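The residues making up each chain are set out below.
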2 protein chains.
Amino acid sequence: MKTLLTLSYDGTNYAGWQVQENAVTVQQILNEALARLFSRGAVRTIGGSRTDAGVHASDQKCLILSPERHNIPLQNLPHAINAFLPQDIRVMSAELVVDDFHPLRMPCIKTYAYRVYNALIVPPKHRLYTAHERRRLNVGAMQTAASFFVGKFDFVGFSSAGSSAMTTVREVYSCNISKEGEIITLEISGNGFLYNMVRIIAGTLVHVGLGKIMPEGIPAIIRSRRRELAGPTMPASGLELFKVVYAGC
Amino acid sequence: MKTLLTLSYDGTNYAGWQVQENAVTVQQILNEALARLFSRGAVRTIGGSRTDAGVHASDQKCLILSPERHNIPLQNLPHAINAFLPQDIRVMSAELVVDDFHPLRMPCIKTYAYRVYNALIVPPKHRLYTAHERRRLNVGAMQTAASFFVGKFDFVGFSSAGSSAMTTVREVYSCNISKEGEIITLEISGNGFLYNMVRIIAGTLVHVGLGKIMPEGIPAIIRSRRRELAGPTMPASGLELFKVVYAGC
């Protein structure tokens, strides 16, 4: 059995999840904390989702590849790791998974949330966790448009270059828009997302909310596979990896 | 007529509202922004509530005393000031008030919110805006206890030394506890609050939630006027100046 961690983090101050040279990432900080906790030089982990710079997560999964064994009881592990982590990264829970579990290859349902603060001025406590749109958005039109993203499509027109994915076909299980106070939230679930896909879908729905794209025009935009027909890539601050559920877990 | 501003701020990085020597405060940053906007060396402002270090506000009022006149249209003033402010301080709106308006002396109803994250681990996005209590709190008992704070009492036992108030009698108009997800919120309205009064009431209600104080014991604790019978002063991070309504405004 191996150990799978669930992490929550505020991505504001990190260059994304994945370890990279010359930038501080969440995975690097986690690996350093694990190395100190286990008194090991060589810790290896593998994350479930490669969140980008500035993107938040409330349900990132991370498998500890090595050390495979440790003598800390599972229920004590989150607190033990958190003692070595900064306040903007927390291990929320730990569980055991089978030896051949691979967080990137196991089928799963991922849900992302994208939040837009739709008012003239953003109150400071929302500034790190929303994108700002000062022009009034038509929420009803956005709700209608969102429903057209549900299904199995080639989403290549809703992705940025730089993806290493084998196929650009993805299945979206649900795509909903809701509004609470001044915050409009897109919640989208699927079996996986292309590079920047959620941020481009969010930008397309904002353009629908502004009347620049008609809701009924969405299927043709998807079919066109042309990036330039979709809306802009929205800022990282509004995006949160919200929920990850592995099949059979 | 004078100009009254409504401000929202994240108090995390400030030594409170009021200008002081050797520490960065919200009012100081605002005064500097106004001085740059109006090209004046001497800007004077007066705030409606002296929030402490680390305390947040979504409805701080601030009167511009000098310059008394400026040539910026009222509806443009928030954006004009915000251009000179950091992202964690925002002017939300501006209005005109009569010349003898004084934000500290006018009768008003103030509402504070105090938020406690009641779970083993605080997700990072809530870390700056809640206090943390890992032991399970009895919300029903806290709700019962909260109702006993409503009324006109001498709250001296629920205040810290250092207050310059003439009297320690205050009237609490409403005091409610609610829970949403893992966040327990105290919302308390009154005609004014003593130094640290909301944070001590919050700490007393947390002790009720832990079973250390019985809800029915609250009236006797208030009557005793003894600080040591009340609960602890809770951390600043959970406190927010939520709403201020002036009589006749």
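## Some points on the interface of chain B and chain A
- With 23 residues of chain B in contact, the opposing surface of chain A contributes 23 residues.
- For the pair chain B and chain A, the summed buried area comes to about 1800 Å², and 62% of that belongs to carbon and sulfur atoms.
- The tally of links from chain B across to chain A stands at four salt bridges.
- The closest approach of N and O atoms between E240(B) and K125(A), which form a salt bridge, is 3.2 Å.
- Taken together, the links from chain B to chain A amount to six residue pairs in polar contact (both at pLDDT 80 or more).
- The residue makeup of the side of chain B that touches chain A, split by class, is eleven nonpolar, four polar and eight charged.

## With respect to the side chain of E133(A)
All names here are of chain A.
- Along the chain, E133 turns up in the loop between β6 (131–132) and α3 (139–147).
- Within polar-contact distance, the side chain of E133 engages the side chain of R135 at 2.8 Å.
- In this structure, E133 is in contact with V116, Y117, N118, A119, V206 and L210, ignoring residues within four places of it in sequence.

## Remarks on the pattern of salt bridges
- What the rule picks out here adds up to 20 salt bridges over all chains.
- E240(B) is the partner of R115(B) in a salt bridge, and the nearest nitrogen-oxygen pair spans 3.0 Å. Pair noted here: R115(B) is in strand β5 (residues 108–117) and E240(B) is in strand β10 (residues 239–246), with a separation of 125 residues, a long-range link. Per residue, the accessibility class of R115(B) equals that of E240(B), and both read buried.
- The closest approach of N and O atoms between R225(B) and D154(B), which form a salt bridge, is 3.5 Å. A residue pair is termed long-range when its members are at least 10 positions apart, and R225(B) in the loop between α5 (218–224) and β10 and D154(B) in strand β7 (residues 151–154) qualify at 71 residues.
- With relative accessibility at 51%, the residue R225(B) sits in the exposed group.
- Salt bridges here are not isolated pairs; linked through shared partners, they connect D59(A), K61(A) and K243(A).

## Considerations on the packing of helix α3 (residues 139–147) of chain B against helix α4 (residues 197–209) of chain B
Residues and elements named next belong to chain B.
- Where α3 meets α4, the axes come as close as 8 Å, and the angle between the chain directions of the two elements is 140°. The pairing of α3 with α4 is recorded here as oblique in orientation. When you trace α3 past α4, the crossing you get is right-handed. Contacts between α3 and α4 involve A141, M142, A145 and A146 from the first element and L205, V206, V208 and G209 from the second.

## Details of the environment of Q143(A)
Residues and elements named next belong to chain A.
- Mapping Q143 onto the fold places it in helix α3.
- As a C-alpha pair, Q143 and P215 span 72 residues in sequence and 8.5 Å in three-dimensional space.
- When neighbours within four sequence positions are excluded, Q143 is seen to be in contact with I177 and S178.

## Topic: the state of the cysteines
- Using the criterion set out here, one finds zero disulfides over all chains in the structure.
- Its sulfur unpaired, C175(A) is 17 Å from the next cysteine sulfur, which belongs to C108(A).

## Brief notes about the relation of the copies chain B and chain A
- The two copies are related by a screw motion: chain B maps onto chain A through a turn of 180° and a shift of 0.0 Å along the axis, at an RMSD of 0.0 Å. Taken together, the turn and the small shift mark the pair as related by a two-fold rotation axis. Within chain B, K125(B) has its C-alpha nearest the rotation axis, a separation of 5.0 Å.
- Same-surface contact between copies: 100% of interface residues of chain B are shared with the interface of chain A.

## What to know about α4(B)
Residues and elements named next belong to chain B.
- For α4, built from 13 residues, the straight-helix expectation of 18 Å at 1.5 Å per residue is met to within 8% by its first-to-last C-alpha distance of 18 Å.
- Burial of α4 is extensive: twelve of the 13 residues sit out of reach of the surface.
- Burial in α4 covers these residues: M197, V198, R199, I200, I201, A202, G203, T204, L205, V206, V208 and G209.
- Against β5, α3, β8 (169–180), β9 (183–190), α5 and β10 lie the buried residues of α4.
- Immediately beyond the C-terminal end of α4, within one or two residues, lies G211, with a positive phi of roughly 85°.

## A few points about the side chain of N82(B)
- As for its placement among the helices and strands, N82(B) is situated in helix α2 (residues 77–82).
- N82(B) sits in the buried class, given a relative accessible area of 5%.
- Within polar-contact distance, the side chain of N82(B) engages the backbone nitrogen of V91(B) at 2.7 Å.
- The contacts of N82(B), once residues within four sequence positions are left out, are I121(A), I89(B), R90(B) and V91(B).

About the thresholds
Residues numbered from 1 in each chain as written. Chains lettered and ligands numbered in written order. Predicted model: local features only at pLDDT ≥ 70, side-chain atom pairs only at ≥ 80, totals over all residues. Heavy atoms only, no water. Contact = heavy atoms within 4.5 Å. Buried area = accessible area lost by both parts, 1.4 Å probe. Salt bridge = Lys/Arg side-chain N within 4 Å of Asp/Glu carboxyl O. Polar contact = N/O pair within 3.5 Å; in protein donor to acceptor, adjacent residues only side chain to side chain. Nonpolar A, V, L, I, M, F, W, Y, C, P; charged D, E, K, R; others polar. Helix = DSSP H or I, 4+ residues; strand = E, 2+ residues; numbered from the N terminus. Buried < 20%, exposed > 50% of the residue type's maximum accessible area, 1.4 Å probe, protein only. Axes fitted to C-alpha atoms, helices over the stretch in contact; angles between N-to-C directions. Parallel < 35°, antiparallel > 145°, perpendicular 65-115°, else oblique. Left-handed = near helix turned anticlockwise from the far one by under 90°. Disulfide = S-S within 2.5 Å. Least-squares fit on C-alpha atoms with pLDDT ≥ 70 in both. Expected span 1.5 Å × (residues − 1).

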